[in-house]
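A structural walkthrough
Each chain is listed here by its residues.
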Amino acid sequence: MSQQQPRILVFAGSLRKESFNKKLAKHAAAMLTDAGAEVTHIDLADYPMPIYDGDIEASEGLPENAKKLKAMFNEADGFLIASPEYNSSISGALKNTIDWVSRKASPDEPGLRDFTGKVAAIVAASPGALSGLRGLYHLREILPNINVVVLPNMRAVSAANDNITDAGIADDGARKAVENIAKRLVEVARALKT
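In this report, the structure presented in the accompanying data block is examined. (Residues numbered from 1 in each chain as written. Predicted model: local features only at pLDDT ≥ 70, side-chain atom pairs only at ≥ 80, totals over all residues. Heavy atoms only, no water.)

**Digging into the packing of aromatic side chains**
- On inspection of all chains with the given rule, the structure shows five aromatic pairs.
- Plain terms: the ring middles of F73 and F79 are 5.0 Å apart, the flat faces sit at 40 degrees to each other, and that makes the pair tilted.
- Looking at F73, the relative accessible area reads 2%, which means it is buried.
- What makes F79 buried here is its relative accessible area of 1%.
- Consider the rings of F73 and F115, whose centres lie 5.6 Å apart with planes at 70 degrees: the pair is edge-to-face. With F73 in helix 3 (residues 64-75) and F115 in the loop between helix 4 (92-101) and strand 4 (119-125), the pair connects residues that are 42 residues apart, well separated along the chain.
- Owing to a relative accessible area of 1%, F115 belongs among the buried residues under this scheme.
- By the ring-pair criterion, three or more aromatic residues cluster together here, those being F11, F73, F79 and F115.
- Sitting over the ring of F20, R16 keeps its end group 5.8 Å from the ring centre. (Phe/Tyr/Trp six-rings, centres within 6.5 Å; stacked < 30°, edge-to-face > 60°. Buried < 20%, exposed > 50% of the residue type's maximum accessible area, 1.4 Å probe, protein only. Helix = DSSP H or I, 4+ residues; strand = E, 2+ residues; numbered from the N terminus. Lys NZ or Arg CZ within 6 Å of the ring centre and 35° of its normal.)

Written as structure tokens, this is what we have:
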């Protein structure tokens, strides 16, 4: 395996089984593999955690699933996040994941170790006309504050009930845009490895 093959962690910020964003993440993961990345595709529903609470952290430490996620985030060179829009923002599941992964597992762990120097691509899918765009703008505000470089191009796929299927992304423009984002993520992640 080439040392220059970037490792990309792919996930959706949704827990729902039939989530359009989970399907979008699956298709994006395949595009990233085609573009030359080593892809780890996870489902946040497989890593349930309590809502972040400093008292829980102080008395019990990090939940086991937070430690598992931290290890995967730490090993990745970049992230592709398919982020649903909940009430004009990101989902609670995604925010909770970010909050737990941002915490130190030990006193000597550098702050924000699992995010610093990583690059992220963000996409969304929604049945609505705005296609999750408002949530992406909030995610774009959060990630740089935890030392993640966010690619300028993002794509929100509207009419997801028609355009995001198990077979792929039906809309040609949306599919090509996500492919271009995947390719760019691989290029930037590879450059950051050198």
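This is not the end of the story, as more comes after the structure.
**Details of empty space enclosed by the protein**
- Across all of its chains, the model carries one cavity of 30 Å³ or more by this definition.
- Taken as a whole, the largest cavity encloses approximately 40 Å³ of empty space.
- Together, F11, F73, F79, I81, L94, T97, I98, F115 and L143 line the largest cavity.
- Elements represented by at least two residues in the lining of the largest cavity include exactly strand 3 (78-82) and helix 4.
- Counting residues per element, the lining of the largest cavity draws most heavily on helix 4, at three residues.
- When its residues are assigned to classes, the lining of the largest cavity shows eight nonpolar, one polar and no charged. (1 Å grid on protein atoms, 1.4 Å probe; cavity = no way out; pocket = protein on both sides within 12 Å on 5 of 7 lines; lining within 4 Å. Points joined across faces, edges and corners; volume = space filled by probe spheres on them. Nonpolar A, V, L, I, M, F, W, Y, C, P; charged D, E, K, R; others polar.)

**Details of unusual backbone geometry**
- For S88, which is not glycine, the phi torsion reads 70 degrees and is therefore positive.
- Among the structural elements, S88 can be located in the loop between strand 3 and helix 4.
- Using a relative accessible area of 30% as the deciding quantity, one classes S88 as partly exposed.
- Although it is not a glycine, A159 sits at a positive phi angle of roughly 45 degrees.
- Positionally, A159 belongs in the loop between strand 6 (155-157) and helix 6 (160-163).
- The partly exposed category is assigned to A159, whose relative accessible area is 25%.

**So, the nonpolar core**
- One finds L69, F79 and L143 to be the most contacted residues of the largest nonpolar core, which totals 31 residues.
- Only strand 1 (7-12), helix 3, strand 3, helix 4, strand 4 and helix 5 (133-145) provide two or more residues apiece to this core.
- In this structure, M31, L32, V123 and L151 belong to the second largest nonpolar core, which totals 30 residues. (Core = buried A, V, L, I, M, F, W, Y, C linked by side-chain atoms within 4.5 Å.)

**As for the environment of K26**
- Position of K26 among the secondary structure elements: in helix 1 (residues 20-34).
- For K26, a relative accessible area of 39% translates into the label partly exposed.
- For the pair K26 and R175, spaced 149 residues apart in sequence, the C-alpha separation works out to 13 Å.
- When near neighbours in sequence (up to four residues on either side) are disregarded, K26 contacts H41 and D166.
- Here the side chain of K26 touches D166 through a polar contact of 3.1 Å, landing on its backbone oxygen. (Contact = heavy atoms within 4.5 Å. Polar contact = N/O pair within 3.5 Å; in protein donor to acceptor, adjacent residues only side chain to side chain.)

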